[in-house]
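Observations on chain architecture
Okay, here's what each chain looks like letter by letter:
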Amino acid sequence: MASKASVAVAIIDDDPVETDILSILMSEVFDEVNVASFTTVNAFLDGARKDSFDLVFLDRRLPPYASFDETLPLVAPAAGDAAILLITAHTFEKVDLTRYDRVAGPFAKLDLMTPEDLKVLIERHM
């Protein structure tokens, strides 16, 4: 189990299957997890005004945005103190994270397909 027994997680990904998989894996990592899923950046921005999160998973491509360089300046301020983990099927993209304290990645989604892999990633960056 990760170091925190209960955690509030936001998943920003327009693929519902990816969101479901990550949600199921999160329930294996934490005793209690509250997952909020958002299919757009704007939906997350609206949700972040109402709720606070410990951890945010941000997908690379969220139409109309095509890269982390476009979405991070919007998501990071709204995420507050949450750790932000960049997830993607395309880890070739280079992202300048020097302006962000609590952002890590990008991480390949295929490398996060077991609770153990997800636990290691979370413990390292949360």
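Here's what I pulled together on the structure shown here. (Residues numbered from 1 in each chain as written. Predicted model: local features only at pLDDT ≥ 70, side-chain atom pairs only at ≥ 80, totals over all residues. Heavy atoms only, no water.)

**A closer look at the pairing of strand 4 (residues 83-88)**
Burial runs high along strand 4: 6 of the 6 residues are buried. Of the pairings in the sheet, the one linking strand 3 (residues 55-59) to strand 4 comprises 5 bridges and is parallel in character. Bridge assignment links L58 to a residue of strand 4, and that residue is L86. Note that the unit made of strand 3, helix 3 (residues 68-78) and strand 4 has a crossover that is right-handed. Pairing geometry for strand 4 and strand 5 (residues 103-108), over 4 bridges, is parallel. Bridge assignment links L85 to a residue of strand 5, and that residue is A104. (Buried < 20%, exposed > 50% of the residue type's maximum accessible area, 1.4 Å probe, protein only. Helix = DSSP H or I, 4+ residues; strand = E, 2+ residues; numbered from the N terminus. Pairing = 2+ DSSP bridges. Right-handed = clockwise from strand over helix to strand, strands pointing away.)

**Overview of the packing of helix 1 (residues 16-29) against helix 4 (residues 115-125)**
One can describe the packing of helix 1 onto helix 4 by two numbers: an axis separation of 9 Å at closest approach and a directional angle of 75°. Classified by the angle their axes make, helix 1 and helix 4 are roughly perpendicular. In contact with L22, L25, M26, E28 and V29 of helix 1, helix 4 contributes P115, L118, K119 and I122. Split by residue class, the contact of helix 1 with helix 4 holds 7 nonpolar, no polar and 2 charged. (Axes fitted to C-alpha atoms, helices over the stretch in contact; angles between N-to-C directions. Parallel < 35°, antiparallel > 145°, perpendicular 65-115°, else oblique. Contact = heavy atoms within 4.5 Å. Nonpolar A, V, L, I, M, F, W, Y, C, P; charged D, E, K, R; others polar.)

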